[in-house]
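Breakdown of the fold
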Amino acid sequence: GLVYLMIGETMEEFAFSDKAEEGPIVTSGEFRTTVFGPAITAFTAAVDDPDIGLQAQAMLARAAQAREIREVAKSNPNPDDPSENYVSVPEANAAAEAVLAAADMDWYWEATYSAATIGNEMANWINSRGEPLVSPSLLELADPIDDDVLGAMPIIDRFRVGSDNFTPLTLTSTRQMHLILAEAALAGGGGDFAGSINAVRELDGLTPYSGQVTEHEMLDYSRRANLPLQGQRLLDMYRFGVVDDLWLPNNTAPTAPGTLIPISCVEIRANSQLDNSPC
């Protein structure tokens, strides 16, 4: 389920193949059933497992919401009217509520690494080698109410602790569950937007939200500050019309919003069913 979800949130197209066995391309339009479908089925099947049920429930909430977020982000959303770009998914909302009823207040589920497993290549590349860098706009992200607080730093600091090769990666959290419900409230799915947002803010000792900025500004900020390094930001940027200062004007992200990661040339060249002209 996790692998299918990561594909759905980050890839433009995909081929379920390898160098020993070719496979046809799965187009973006087929992702809802061919990629997100198996992810949601897998998480749903694991919800009743006594060992991983809580984690599966949380990932079910993330996957069910992500399926709709991808479709909105790729459908030329209207950045001038953010209310058109919110999603409320009953399946995601119910799973999020179940997690919050069962989990500790500030619960995370993380992919963990050790000398007995593969290493965390992302941690190695960022923390040790300094090849990809955490965006300055994320490191300097000021809270819109408590503007002396850099909102993403608690999450960034979690990523920067421990061995460079074995730093855990957050997959989901109670913070995300609250944010799913906060967005659902804005999308007309019921619930209490301010209550869900303030449940997250309380975890960091921040001033409660009571209309100091627009609801959209608070939702976008809260997702940015609490879900970094999880592969979810680009779709948010597309659906909310956010353009990063580091994007070049002629790059794909600003000129073709909604475009995600392409199939790599290594895979294309090994698979005769794929068009190799881009490589």
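Everything below is about the structure shown above.
It is worth spelling out the pattern of salt bridges at this point. Overall, the coordinates contain 17 salt bridges when judged by the stated rule. Salt-bridge contacts for R67 lead to E91; the nearest nitrogen and oxygen are separated by 3.8 Å. Of this pair, R67 sits in helix 4 (residues 53-73) while E91 sits in helix 5 (residues 90-102), placing them 24 residues apart in sequence. On the basis of relative accessibility, which here comes to 33%, the residue E91 falls in the partly exposed class. Among the salt bridges present, the one from E131 reaches R129, with a minimum N-O distance of 2.7 Å. Accessibility expressed as a relative area gives 53% for R129, which makes it exposed.

In this section: helix 6 (residues 121-129). Within helix 6 the residues assigned to the buried category are A123, N124 and I126. Where helix 6 is buried, its residues meet helix 8 (153-159). G130 sits one or two positions beyond helix 6 and adopts a positive phi of about 65°.

With that out of the way, let us pick up the packing of helix 5 against helix 9 (residues 174-186). Between helix 5 and helix 9, the least distance of the axes is 9 Å, while the angle of their chain directions is 140°. In terms of their interaxial angle, helix 5 and helix 9 are classed as oblique. In the crossing of helix 5 with helix 9, the sense of the turn from one axis to the other is left-handed. Seen from helix 5, the contacting residues are A92, N93, A96, E97, V99 and L100; seen from helix 9, they are T174, M177, H178, I180, L181 and A184. When its residues are assigned to classes, the contact of helix 5 with helix 9 shows eight nonpolar, three polar and one charged.

So, on to helix 11 (residues 215-226). When the terminal C-alpha atoms of helix 11 are compared, their 16 Å separation across twelve residues agrees well with the 16 Å that a helix rising 1.5 Å per residue should span. The buried fraction of helix 11 amounts to ten of the twelve residues, a majority that puts the element mostly inside the structure. Residues of helix 11 that are buried in the fold lie against helix 4, helix 7 (136-139), helix 8, helix 9, helix 10 (193-203) and helix 12 (233-240).

Attention now moves to the environment of L169. Of note, L169 is situated in strand 4 (residues 169-173). On a C-alpha basis, the gap between L169 and E12 in space is 23 Å, while along the polypeptide they are 157 residues apart. Setting aside residues no more than four positions away along its own chain, L169 makes contact with W109, E110, A111, Y113, N120, M122, F159 and L229.

A few words now on the side chain of N198. Counting through the fold element by element, N198 comes out in helix 10. With relative accessibility at 19%, the residue N198 sits in the buried group. Residues contacting N198, with those up to four places away along its chain left out, are P208 and Y209.

Below, the discussion takes up unusual backbone geometry. Phi is positive for L229, which is not a glycine, with a value near 65°. Looking at where L229 falls in the secondary structure, it is placed in the loop between helix 11 and helix 12. Relative accessible area serves as the criterion here: at 26%, L229 is assigned to the partly exposed category.

In this section: the packing of aromatic side chains. Tallied over the full model, the rule gives five aromatic pairs. Note on F14 and F16: the rings are 5.1 Å apart at their centroids and 65° apart in plane angle, and the pair reads as edge-to-face. Judged by centre distance (6.5 Å) and plane angle (45°), the ring pair of Y238 and W247 falls under tilted. Residue Y238 is classed as buried on the basis of its relative accessible area of 7%. Under the relative-accessibility criterion, W247 is labelled partly exposed at 21%. Put simply, the rings of Y4, F14 and F16 touch in pairs and so form one group of aromatic residues.

Where helix 10 meets helix 11, the closest approach of the two axes is 11 Å, and the angle between their N-to-C directions is 35°. Classified by chirality, the crossing of helix 11 by helix 10 is left-handed. Counted together, F193, I197, V200 and R201 of helix 10 and E215, M218, L219, Y221, S222 and N226 of helix 11 form the full contact between these two elements. In the contact of helix 10 with helix 11, the residues fall into six nonpolar, two polar and two charged.

Most of strand 4 sits inside the fold, with five of its five residues counted as buried. The pairing of strand 3 (residues 108-111) with strand 4 spans four bridges and is classified as antiparallel. Residue pairing in the sheet places W109 in a bridge with T172 of strand 4.

What counts and what doesn't
- Residues numbered from 1 in each chain as written.
- Predicted model: local features only at pLDDT ≥ 70, side-chain atom pairs only at ≥ 80, totals over all residues.
- Heavy atoms only, no water.
- Salt bridge = Lys/Arg side-chain N within 4 Å of Asp/Glu carboxyl O.
- Helix = DSSP H or I, 4+ residues; strand = E, 2+ residues; numbered from the N terminus.
- Buried < 20%, exposed > 50% of the residue type's maximum accessible area, 1.4 Å probe, protein only.
- Contact = heavy atoms within 4.5 Å.
- Axes fitted to C-alpha atoms, helices over the stretch in contact; angles between N-to-C directions.
- Parallel < 35°, antiparallel > 145°, perpendicular 65-115°, else oblique.
- Left-handed = near helix turned anticlockwise from the far one by under 90°.
- Nonpolar A, V, L, I, M, F, W, Y, C, P; charged D, E, K, R; others polar.
- Expected span 1.5 Å × (residues − 1).
- Phe/Tyr/Trp six-rings, centres within 6.5 Å; stacked < 30°, edge-to-face > 60°.
- Pairing = 2+ DSSP bridges.

Honestly, it's all geometry; don't read function into it.
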